[in-house]
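# Fold and geometry: a report
Below are the chains, spelled out letter by letter.
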Amino acid sequence: MTTAPDALTIHQLLGRIVYFHALHIAPEQRTDLPPQPGPPCCNHRATPGRRSAAEVLTDSAWNALVEVATALPAHHRPCPVPSGSCCATCRITAAAAAVAGGWATTEHHAYRHGEPAAQLVTDCRNAAADRIARVFAAQHNAACPALDGLAARQPHTLPGTDTLPLTGELLALWADPAATTRNPVASWLNHCTGLADVRRVLDSRRSTT
């Protein structure tokens, strides 16, 4: 199992997700698509018994990730019977996928004014779910079958910070949290106040290469 970074590092990374979502994504996201129910979590299938959301997530900083995911109605697909009895790791896996998929879609619309390729969104969702949920599972000793197949779903091509900066940084930071949390991959994002600013920086960088 992945070794969890220290709690301060995890809190910093979760805080960065909340900050970037509130500043950049929330003002631009689409809200015209309703949420779609996802598959039952492992505690609502035939063999329950994993650590529950009520047990692990109550008063936890990880709730911030769930709250951000819930604010992405077009992309958040929770368990059809969401409750405190849901598997905590399933909940985090679904939330991480929702955030990455929502961010990738919102960024793509903002920079290119069109729909992203379905494979791009799927790859971002799978990579974020795998990377973020494994950190959660390691921290809380909360193994879960929801993670079993994710590592095998190798992404075709993940976006970098030169194409989708927020999504690219999210994926890069959680790929090795202990190594990157104190040195954001795209530090220039800290000086942008919206996706229009991000697009201007991207355009200026491309024009000078």
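As a reminder, the structure under discussion sits directly above these lines.
In this report, the structure presented in the accompanying data block is examined. (Residues numbered from 1 in each chain as written. Predicted model: local features only at pLDDT ≥ 70, side-chain atom pairs only at ≥ 80, totals over all residues. Heavy atoms only, no water.)

Another aspect to go through is the overall build of the chain. Within the chain, the secondary structure is distributed over 8 helices and 0 strands. Sequence-ordered secondary structure for the chain, helices as α and strands as β, is α-α-α-α-α-α-α-α. A compact globule built from 209 residues would reach a C-alpha radius of gyration of about 17 Å, and the chain, at 17 Å, matches this within 12%. Expressed along its principal axes, the backbone C-alpha trace of the chain runs to roughly 55 × 35 × 30 Å. Taken over 209 residues, the chain has a buried fraction of 48%. Relative to all contacts within the chain whose residues are 6 or more apart in sequence, the contacts with residues 24 or more apart total 80%. Measuring between centres, the 17 positive side-chain charges of the chain sit 3 Å from its 16 negative side-chain charges. (Helix = DSSP H or I, 4+ residues; strand = E, 2+ residues; numbered from the N terminus. Rg over C-alpha atoms; globule rule 2.2 N^0.38 Å. Buried < 20%, exposed > 50% of the residue type's maximum accessible area, 1.4 Å probe, protein only. Contact = heavy atoms within 4.5 Å. Lys, Arg positive; Asp, Glu negative; His and termini not counted. Charge placed at Lys NZ, Arg CZ, Asp CG, Glu CD.)

The description of an aromatic ring pair rests on the distance of the ring centres and on the angle between the ring planes. Applying the stated criterion across every chain yields a total of 3 aromatic pairs. Plain terms: the ring middles of tryptophan 62 and phenylalanine 136 are 5.1 Å apart, the flat faces sit at 80° to each other, and that makes the pair edge-to-face. Of the two residues, tryptophan 62 sits in the loop between helix H2 (53–57) and helix H3 (63–70) while phenylalanine 136 sits in helix H5 (residues 118–140), which places them 74 residues apart along the sequence. As far as burial versus exposure is concerned, tryptophan 62 and phenylalanine 136 are alike and both buried. The interplanar angle of 50° and the centroid separation of 5.8 Å between the aromatic rings of tryptophan 62 and tryptophan 174 together place this pair among those described as tilted. Of the two residues, tryptophan 62 sits in the loop between H2 and H3 while tryptophan 174 sits in helix H6 (residues 165–175), which places them 112 residues apart along the sequence. Side by side, tryptophan 62 and tryptophan 174 carry an identical accessibility label, which is buried. In this structure an aromatic cluster arises from ring pairing among Trp62, Phe136 and Trp174. (Phe/Tyr/Trp six-rings, centres within 6.5 Å; stacked < 30°, edge-to-face > 60°.)

The next subject is unusual backbone geometry. Even without glycine at this site, aspartate 59 takes up a positive phi of about 60°. Among the secondary structure elements, aspartate 59 is positioned in the loop between H2 and H3. Accessibility expressed as a relative area gives 78% for aspartate 59, which makes it exposed. Of note in the backbone geometry, asparagine 141 takes a positive phi value of approximately 50° without being a glycine. On the basis of relative accessible area, asparagine 141 is assigned to the exposed category, the value being 61%.

Here we come to the side chain of serine 60. Among the secondary structure elements, serine 60 is positioned in the loop between H2 and H3. Side-chain polar atoms of serine 60 contact the backbone nitrogen of tryptophan 62, separated by 3.0 Å. (Polar contact = N/O pair within 3.5 Å; in protein donor to acceptor, adjacent residues only side chain to side chain.)

Further remarks concern the nonpolar core. Grouped together as the largest cluster of nonpolar side chains are 53 residues, with contacts concentrated most on Trp62, Leu65, Ile92, Val99, Ile132 and Trp174. Contributing elements (two or more residues each) for this core: helix H1 (7–25), H2, H3, helix H4 (88–112), H5, H6 and helix H8 (195–207). Residue contacts for leucine 65: discarding those within four places in its chain leaves Leu14, Ile17, Ile92, Ala95, Ala96, Val99 and Ile132. Ranked by size, the runner-up nonpolar core spans 7 residues in total, among them Cys41, Cys79, Cys86 and Cys87. (Core = buried A, V, L, I, M, F, W, Y, C linked by side-chain atoms within 4.5 Å.)

Keep in mind these numbers describe shape, not what the thing actually does.
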